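What follows is each chain in one-letter form.
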Amino acid sequence: MNILVTGGAGYIGVHTCVVLLEKGHTVIVADNLCNSKADSINKVRQITRKEITFYNIDVTDEQALETIFLQHKIDSVIHFAGLKAVGESVKLPLDYYFNNVVSTLLLAKVCLKHQVNRFIFSSSATVYGNNTVPFVETLDPLPTTNPYGETKAMSERVLTDIARTNPSFSVSLLRYFNPIGAHQSGLIGEDPNGIPNNLMPYITQVAKGKLEKLMVFGNDFFTVDGTGVRDYIHVMDLAEGHVAALDNLTEGVHIYNLGTGQGTSVLQLIEAFEEANGVGIPYEIVDRRPGDIASSYANVLKAKRELGWIAKHNIKAMCRDAWRFEKNIEQLRVR
Ligand code: NAD
Ligand code: WQD
């Protein structure tokens, strides 16, 4: 299949491109590099020894999208492109609604025009808000608590309505939990700009000595040890989940949680990281981060039943692979 991957130079996109190429698909990436580097595409070539086409375009540019659809016979689209920082979305709501919702609208419009009926969308566990865990796909309505989450819920609704009026449109809405880890080669992984917002990149930078210590946001949640519980999933398992969704895509709208179904607390993740890598992580308990929920983890039965997909990597493997990549980052940057 010829697959257009928007946001394919980003963290999850680049790992998914590797898996798609290894399965024999032809991959065309559209990314404006607002949160990634063109070199990640070279790393995909290096890992897979396969060719991949790259367009440096903004997905909110309809004309640029048209050009790609005229140039290639696209069979399926995976739409990763989006802004993803929750805190930033509160400060810059217009940028988030424009980028994340308009990109989905235009991409769907161009797909329909060119009779491209297979669409995979990157949604997020954040659409479940503060529901009771484990989160199950049937929960409705979606009580999002920030503009970022709202862009995901809105995009889901847009795609659902389009599918309702276009019976051949096949959509998979994939709700990711907390992706961490990196490709086993250590060549690609998560490399955020500035001080990381998310836990694992913060931990790896503390391990490296780039940051002094980890601030653990609260130990008074109603959880196993008082710290926040999340469903961490290896990014390569997530990438495989996209292939499973593509392989099983049928007409209509299908929603899947992509997680492990296991909750891990902040302190448990620190301990697993220390054990897996033999590196200490100094930390300090501080106040809760505004907006954080106590627990988020997935009910994963639907993906297992309908896609035949389950996450295979355990927490230690996630920690090991995240650390391997972090140790390589400077070398990779100068190459
Ligand atoms: P990322 O920032 O690493 O990748 C997103 C990519 O999209 C980047 O390469 C960026 O340059 C590109 N992009 C953004 N806006 C664009 C535009 N208008 N036109 C073209 N390219 C554009 O993020 P990621 O972690 O790989 O996330 C991928 C998708 O998955 C996002 O939609 C994100 O919201 C969603 N998601 C991520 C997480 C997570 O924790 N990483 C969890 C749930 C959902
Ligand atoms: C995990 C846990 C923190 C940093 C966010 C988005 C969500 C999704 C993934 C895209 C929490 C604690 C964190 C730190 C800490 N992205 N923590 N010290 O909050 O589950 O989700 O990213 O869709 O939308 O909201 O992930 O990695 O930020 O936090 O103690 O320096 O680690 O409180 O319990 P989160 P996270």
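Residues numbered from 1 in each chain as written. Chains lettered and ligands numbered in written order. Predicted model: local features only at pLDDT ≥ 70, side-chain atom pairs only at ≥ 80, totals over all residues. Heavy atoms only, no water.

Undergrad: Would you mind showing me how to read the side chain of His72 here?
TA: Locating His72 in the fold gives a position in the loop between helix H3 (62–71) and strand S4 (76–79). We classify His72 as buried; its relative accessible area is 19%. Of note is the side chain of His72, whose polar atom sits 2.7 Å from the side chain of Tyr55. His72 has contacts with Ile28, Thr53 and Tyr55, leaving out every residue within four places of it along the chain. (Helix = DSSP H or I, 4+ residues; strand = E, 2+ residues; numbered from the N terminus. Buried < 20%, exposed > 50% of the residue type's maximum accessible area, 1.4 Å probe, protein only. Polar contact = N/O pair within 3.5 Å; in protein donor to acceptor, adjacent residues only side chain to side chain. Contact = heavy atoms within 4.5 Å.)

Undergrad: How should I be thinking about the nonpolar core in this particular structure?
TA: One finds Val5, Leu20, Val27 and Ile52 to be the most contacted residues of the largest nonpolar core, which totals 43 residues. Beyond its immediate stretch of four places on either side in the chain, Leu20 contacts Ile3, Val5, His25, Val27, Ile78, Val243 and Leu246. Core analysis: the next-biggest nonpolar cluster, separate from the first, contains 27 residues, Ala30, Ile74, Phe121 and Ile255 among them. (Core = buried A, V, L, I, M, F, W, Y, C linked by side-chain atoms within 4.5 Å.)

Undergrad: Sorry, what's going on with the pairing of strand S8 (residues 214–217) here?
TA: For a regular strand, side-chain orientation follows a simple rule: the groups alternate between the two sheet faces. Burial along S8 is one-sided: Leu214 and Val216 are buried, and none of Met215 and Phe217, which face the opposite way, are. Sheet analysis places S8 next to strand S13 (residues 283–286), joined by four bridges and oriented parallel. Bridge pairing in S13 links Met215 to Glu284. (Pairing = 2+ DSSP bridges.)

Undergrad: So what exactly am I meant to see when it comes to the site of ligand 2 here?
TA: Near ligand 2 there are 19 residues, and of these Ser124, Tyr148, Met215, Arg230 and Asp292 occur at the shortest range. Arg230 places a side-chain nitrogen or oxygen 2.5 Å from an oxygen atom of ligand 2. Within the side chain of Asp292, a nitrogen or oxygen atom sits 2.5 Å from an oxygen atom of ligand 2. Calculation on ligand 2 without its partners gives an accessible area of 690 Å², and the protein chains cover 86% of this total. Counting residues per element, the ones that place at least two in the shell around ligand 2 are helix H7 (199–208) and S8. Here the element with the most residues in the shell around ligand 2 is S8; it accounts for four residues. Of the residues belonging to the shell around ligand 2, the class tally is 10 nonpolar, six polar and three charged. (Near = heavy atom within 4 Å. Areas by Shrake-Rupley, 256 points an atom, 1.4 Å probe, with all protein chains shown as cover. Nonpolar A, V, L, I, M, F, W, Y, C, P; charged D, E, K, R; others polar.)

Any functional reading would require information that these geometric values do not contain.
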